[in-house]
Structure formats: structure tokens, C-alpha cells
Amino acid sequence: TPCESTEAVAATGRAYRELYTWTIDHKNDPDLPEVLSTVERLGMYPEQRRQALKDAYTLFYQDVRRCSPGSRWSGASAADGLIPPPPQTPRAVATVRAPRAGATVAAR
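This one's a predicted model, so the numbers in the text were calculated from it and none came from an experiment.

1. Notes on the packing of aromatic side chains
The tally for this structure, following the rule as stated, stands at three aromatic pairs. For the pair tyrosine 16 and tyrosine 20, a centre-to-centre distance of 6.4 Å together with 20 degrees between the ring planes defines the contact as stacked. Of this pair, tyrosine 16 and tyrosine 20 both sit in helix 1 (residues 6–26), four residues apart, roughly one helical turn. When the centroid spacing of 3.9 Å and the interplanar angle of 5 degrees are considered together, the rings of tyrosine 16 and tyrosine 57 count as stacked. Remark: tyrosine 57 occurs in helix 3 (residues 47–65) and tyrosine 16 occurs in helix 1; sequence separation between them is 41 residues. We note that tyrosine 16, like tyrosine 57, is buried. Grouping aromatic residues by their ring pairs yields a cluster made of Tyr16, Tyr20, Tyr57 and Phe60.

Structure below.
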């Protein structure tokens, strides 16, 4: 679990922060839409896969914030210093916070 390894949580946080910073820094690059279109066409990182990565990070972040006081580090205050919050997209919030009973994940 994420509560058992502060180092792993911090490494994940650094990687996410670097990706997020790069994305913000390059969001207005004129060639970015073409690059994303190319990798999607090649099947490398289609939109649903990128969304799945965002959703997985959201779940990880929520798990880290719920760490019990008995763990090596605890809860929200520690999480705030180790990992940045996930993007708050309507789909991510709906997917993570309100899953339908009996829902299944379709293979892609």
C-alpha cells in the first residue's frame, strides 16, 4: 500500500509533478496537438488510456490521503507535501467518487 513507502509515494509525486509542469509549460506549443494526434493514431496513448492514467493517479492520491495514523507517515498533511493533487476533471471526479453498482471496466 502507499502508506508503507514514503519513498515510493514521493517518487510518484515527483514524476507526476514533472509531467504536470511540462504539460502546463507546453500546452500552447503549436505542434502539441499534432504530436498527440500522432501517438493516438499509432495506438500508443489514445485518449482513453490517458484518462485511465489520470483516474489511476486520482485513486492513488485518495489512498495516500487516507493513510492511517499508525503508518510511517500519516494522512492529508503528509500527502500535501509529497504529492500534488490530481487534475479535477468532471469525469475523473465522477468515476472515482461515484462508481455505479455492478459497473464493469471494458477492455480496450
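Once the structure has been displayed, the description carries forward.
2. Structural notes on the packing of helix 1 against helix 3
How two helices pack is summed up by the angle between their axes together with the distance between the axes. Direction vectors running N to C along helix 1 and helix 3 enclose 140 degrees, while the axes themselves pass 12 Å from each other. On the basis of their axis angle, the class for helix 1 and helix 3 is oblique. In the packing of helix 1 onto helix 3, the handedness of the crossing is left-handed. Contacts between helix 1 and helix 3 involve Val9, Thr12 and Tyr16 from the former and Tyr57, Phe60 and Val64 from the latter. In terms of residue class, the contact of helix 1 with helix 3 is made up of five nonpolar, one polar and no charged.

Calculation notes
- Residues numbered from 1 in each chain as written.
- Predicted model: local features only at pLDDT ≥ 70, side-chain atom pairs only at ≥ 80, totals over all residues.
- Heavy atoms only, no water.
- Phe/Tyr/Trp six-rings, centres within 6.5 Å; stacked < 30°, edge-to-face > 60°.
- Helix = DSSP H or I, 4+ residues; strand = E, 2+ residues; numbered from the N terminus.
- Buried < 20%, exposed > 50% of the residue type's maximum accessible area, 1.4 Å probe, protein only.
- Axes fitted to C-alpha atoms, helices over the stretch in contact; angles between N-to-C directions.
- Parallel < 35°, antiparallel > 145°, perpendicular 65-115°, else oblique.
- Left-handed = near helix turned anticlockwise from the far one by under 90°.
- Contact = heavy atoms within 4.5 Å.
- Nonpolar A, V, L, I, M, F, W, Y, C, P; charged D, E, K, R; others polar.

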